[in-house]
Amino acid sequence: MSVKTVSLEKLEQTVKILERLAQHRRERPTTKSDEMYYDLFNKYVSRLCRAKDEGKLIAAHSVLVPPELFYAMDMVPFHLEMICMMMAIFLKEEEEFLARAKAFGLPPEVCSTHRCIAATFAEGWAPTPDAVVWTSQVCDNTAKSNELVVDQSHAPGFYLEVPYRFGEVSARFLAGELEDLSNGLERITGKKLNIDRFVEALRLSQKSVGLLQEIEVLRRAVPCPATNIVGTQILNIGWLFMGQPESVAYLELVRDELKARIVAGKGVVPKENFRLISLFIPPSHSWRLLHWMQREHGASVVAEPYCTHWGDIDWDFKNPFLTLARRMYSNPISKEMQGPVEEGLIEDSVNDALKSKADGAIYWAHIGCRQTCATIRITKDALRDRVGIPTLVLDCDLTDPSFVSDDAIKEKLEGFFETLAENK
């Protein structure tokens, strides 16, 4: 089936909304990093809108595919999950996107984020990519939804096979997969990969990862110097700009803001009542819940092992493909879930809870994710038995606000905070 006539109207409307959000932040300052976040998001989407007019080739890719190679090839990355989902949310058209996906044949059991991808390409709401790249890492929805993008766009597709367990043999196999991808992109672009540009992207990634690891430690300070949305924002900027100067500049700003608060002995809220670790990704349509927790209840998210806990990387710039493979395995989510969960998510959740002096944990149980929901019980038991803290499991949906109301989630959170207060 061919894609319908392409119209960038929804994407262009998203750019205008992002411009207004950035202006709103400037007029009603919160933090400089919060302003920069929306400016960068706007820059990414605007570049995607202009790509075809500027003669740029577009590389559409799934969530765990590293963008460094695309930047080195002078292609415009198109993060499928992020852009299609956020387009629906910013436009407040989640219902329309999901209805179009249903009409296309996708049932509610499929992850809503991937249903947004299906709707976007079935209806022609995004530019046609020149290549589609996806991976076997963690998410089984990814494997099928990207086949759909290839089918709808008739673009060449590249599937990266990632071995289940990390190790040097696995990394070398994945390096071969990445080199094959590079050869394929060379055929599409008609250009040879600029190795110097590729290595420079990796050097910038090294700086970003170092900053992310520094920020992870700073968030453990008492009181917590970070807002509850910082973890999600730095995750998103990493997905969009890893290997670019924008990522480094943004993360340096976040780090410096946290350091300044720590030096001043101040947290984000006047009185921090609860310190929480957050597991999986909060609903993207309702970040106001995170603000509400911190503002109204003094509940700070001090660690997010699933989303912000990077592994150590052996950066060997003489072997850039091998280094990029190691970077893929060390990325949060991959590190936690690509391989036995006892060696990733469980150990990191326990250690992060201990180091951050957490009082409890929240598990955002996205109904469409079979992988993360399968780890709820084992993670909850480990935090109870090894750290002595309770875990609140919140059924939710990343994209669909009709699945559960904010009021229903607030009621459960308030009950959880009462329990934590009684245990103190």
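Here, the structure is the one placed above.
Let us look at the structure shown here. A quick note: this is a predicted structure, and the numbers were derived from the prediction, not measured. (Residues numbered from 1 in each chain as written. Predicted model: local features only at pLDDT ≥ 70, side-chain atom pairs only at ≥ 80, totals over all residues. Heavy atoms only, no water.)

Moving on to the pairing of strand S7 (residues 360-366). Across the seven residues that make up S7, a large majority, seven, are buried. Here S7 shows no split at all, with Gly360, Ile362, Trp364 and His366 on one side and Ala361, Tyr363 and Ala365 on the other all buried. Bridge analysis of strand S5 (residues 274-279) against S7 gives four bridges, and the strand direction is parallel. Across the sheet, the residue bridging to Ser278 is Ile362, located in S7. (Buried < 20%, exposed > 50% of the residue type's maximum accessible area, 1.4 Å probe, protein only. Helix = DSSP H or I, 4+ residues; strand = E, 2+ residues; numbered from the N terminus. Pairing = 2+ DSSP bridges.)

The next thing to look at is the environment of Arg219. The topology assignment puts Arg219 in the loop between helix H9 (195-218) and helix H10 (230-241). Take Arg219: its relative accessible area is 2%, and that puts it in the buried class. C-alpha separation for the pair Arg219 and Tyr329, spaced 110 residues apart in sequence, amounts to 24 Å. Beyond its immediate stretch of four places on either side in the chain, Arg219 contacts Cys224, Pro225, Ala226, Gly231, Leu258, Arg275, Val301, Val302, Ala303, Glu304 and Thr308. Within the structure, the side chain of Arg219 is placed 3.3 Å from the backbone oxygen of Val301, a separation counted as a polar contact. (Contact = heavy atoms within 4.5 Å. Polar contact = N/O pair within 3.5 Å; in protein donor to acceptor, adjacent residues only side chain to side chain.)

What follows concerns unusual backbone geometry. A cis geometry characterises the amide bond from Val222 onward to Pro223, with omega recorded as -5°. Following the sequence through the fold, Pro223 ends up in the loop between H9 and H10. The phi dihedral of His154 is positive, around 60°, even though this residue is not glycine. When you line up the elements, His154 lands in the loop between helix H7 (140-153) and strand S4 (157-160). The exposed category is assigned to His154, whose relative accessible area is 56%.

Tracing the backbone through its elements, the reader meets Asn236 in helix H10. With residues near it in sequence (within four places) discarded, Asn236 still touches Tyr37, Met82 and Trp287.

What follows is about the sheet that holds strand S6 (residues 299-303). Hydrogen bonds between backbone groups are what pair the strands of a sheet, and the pairing can be parallel or antiparallel. The strand order across the open sheet formed by four strands is S6-S5-S7-S8, and the pairing between neighbours is parallel. Sheet topology places S6 and strand S8 (391-396) at the edges, where each strand pairs with a single neighbour. This sheet shows a mean twist of 35° between the axes of neighbouring strands, independent of strand direction. Most of the contacts of helix H12 (residues 288-297) go to S6, to which it runs at about 120°, and overall it touches S5, S6 and S7. The strands that helix H19 (residues 406-423) touches are S5, S6, S7 and S8; relative to S8, the one it contacts most, it runs at about 180°. (Axes fitted to C-alpha atoms, helices over the stretch in contact; angles between N-to-C directions.)

Another aspect to go through is the packing of aromatic side chains. Per the counting criterion, the structure on display carries 14 aromatic pairs. An angle of 90° between the planes, with centres 5.0 Å apart, marks the rings of Tyr37 and Tyr38 as edge-to-face. As far as burial versus exposure is concerned, Tyr37 and Tyr38 are alike and both buried. Look at Phe97 and Trp125: their rings are 4.7 Å apart centre to centre, the planes differ by 55°, and that puts the pair in the tilted class. (Phe/Tyr/Trp six-rings, centres within 6.5 Å; stacked < 30°, edge-to-face > 60°.)

Here H10 spans 16 Å end to end across 12 residues, near enough to the 16 Å set by a 1.5 Å rise per residue. For H10, a buried count of 12 out of 12 residues is recorded, marking the element as mostly surrounded by other parts of the structure. Those residues of H10 lying buried are Val230, Gly231, Thr232, Gln233, Ile234, Leu235, Asn236, Ile237, Gly238, Trp239, Leu240 and Phe241. Of the residues one or two after H10, Gly243 is the one with positive phi, at around 90°. (Expected span 1.5 Å × (residues − 1).)

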